[in-house]
Amino acid sequence: MVNNDRLSSAITEYLSFASIEKGLSPNTIKAYALDLGKLQEYVEIRELELHEIDPQFMDDFLGWLRGAGGHRQPSSESTNSRAVVTVRNLIKFESRTNNKLNLLAEYAPPKIPKRLPKGLAINEVMALIEGANFDGEVFALRNVALIETLYSTGARVSEITALKINDLDEVSNSLTLKLRGKGGKERIVPIGNFARKSLEDYLVRGRPGLLKGGESQYLFLNSRSKALSRQSAWEIVSKAAENAKISTHVTPHSLRHSFATHLLDGGADIRVVQELLGHSSVTTTQIYTLVTIDKLRENYASAHPRAM
């Protein structure tokens, strides 16, 4: 029987390093922990130890993640790719702290086919906002403000649910939000007039009813006067999409995709969109230009007399 106490200890130390030293978000740490839990499971199956994790092991591990041999339900390629990167980072961390050879220094994760983000058409966004008017005035005001804010800022749902009252600021008659993205990186984003009006209505006529005389620093609240959870925000968007009779699967991230695509369609500079989305690299933002190019190609093909 192989003793893998060292692997368990290394995982604990790495997750602590990623959380405290690198400042990664709790959701990211949770994802890493899931990846490394799979690693532990496969290491036990193979009866190997930490120092035996080499490129051949990673190839076999990747095959196992993909369901080779029917031993497990296969994971998506994006999940598998993240797991490979997580394990590689663990071994890199372990080799540095214990002066060991990094056997995975050159090991590359699988390439993921590029998928275009799925956003909503402008009329669908309008219908979604209309569909958020449910569960009575107090909740309807919150729901509309939530969806308007998601679409107006392109923020991640975790950034919106973490918002506090003092993250709102008015400068030169313009309302802005302070968002905290991945790694705790802060950015300031403007709020459009429609979102501003919905937020003001919520703050004046909705939020006091959710507070029920109590106090909270969080902007968006649930029925218990606590911060609205990410799951609840997803449910609100999903219910609004159902009410709007939108056939495609709609999530808070759909509004982030829509925000970016509509800005680029309207002529916004990609560097500005990158800053607003909180992307560390413009390469990440460039995927939205592919969506815009596809639309241009479709319009050209249908409108130009000699396109076909």
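Up top is the structure these notes are about.
Note that the coordinates shown come from a computational prediction; the quantities given were computed from them, not determined experimentally.

### Some points on the layout of surface pockets
- There is about 2500 Å³ of room inside the largest pocket.
- For the largest pocket, the lining is made up of 50 residues, of which Arg156, Lys182, His253, Arg256 and Thr284 are closest to its centre.
- Counting only elements with at least two residues in the lining of the largest pocket, the list comes to helix 2 (26–46), helix 4 (77–97), helix 7 (157–161), helix 9 (230–243), helix 10 (252–265), helix 12 (282–285) and helix 13 (287–303).
- Ranked by residue count, the leading element in the lining of the largest pocket is helix 2, at seven residues.
- In this model, the second largest pocket occupies a volume close to 210 Å³.
- Around the second largest pocket, the lining residues are Met126, Ile129, Glu130, Glu148, Tyr151, Ser152, Gly192, Asn193, Phe194 and Ala195.
- Elements represented by at least two residues in the lining of the second largest pocket include exactly helix 5 (122–130), helix 6 (136–153) and helix 8 (193–211).

### Section: the pairing of strand 1 (residues 168–171)
- Pairing geometry for strand 1 and strand 2 (residues 174–180), over four bridges, is antiparallel. Bridging from a neighbouring strand, glutamate 170 pairs with leucine 175 of strand 2.

### What to know about the sheet that holds strand 3 (residues 186–190)
- Ordered in space as 1-2-3, the three strands form an open sheet in which the pairing is antiparallel. The open sheet has two edge strands, strand 1 and strand 3, and neither has a second partner. Pairwise comparison of adjacent strand axes, ignoring direction, gives a mean angle of 30° for this sheet.

### Re the side chain of histidine 257
- With respect to the helices and strands, histidine 257 occurs in helix 10.
- A polar atom in the side chain of histidine 257 sits 2.8 Å from the side chain of tyrosine 288.
- Every residue in contact with histidine 257, bar those within four places of it in the chain, is listed here: Pro117, Lys118, Gly119 and Tyr288.

Procedures and definitions
Residues numbered from 1 in each chain as written. Predicted model: local features only at pLDDT ≥ 70, side-chain atom pairs only at ≥ 80, totals over all residues. Heavy atoms only, no water. 1 Å grid on protein atoms, 1.4 Å probe; cavity = no way out; pocket = protein on both sides within 12 Å on 5 of 7 lines; lining within 4 Å. Points joined across faces, edges and corners; volume = space filled by probe spheres on them. Helix = DSSP H or I, 4+ residues; strand = E, 2+ residues; numbered from the N terminus. Pairing = 2+ DSSP bridges. Axes fitted to C-alpha atoms, helices over the stretch in contact; angles between N-to-C directions. Polar contact = N/O pair within 3.5 Å; in protein donor to acceptor, adjacent residues only side chain to side chain. Contact = heavy atoms within 4.5 Å.

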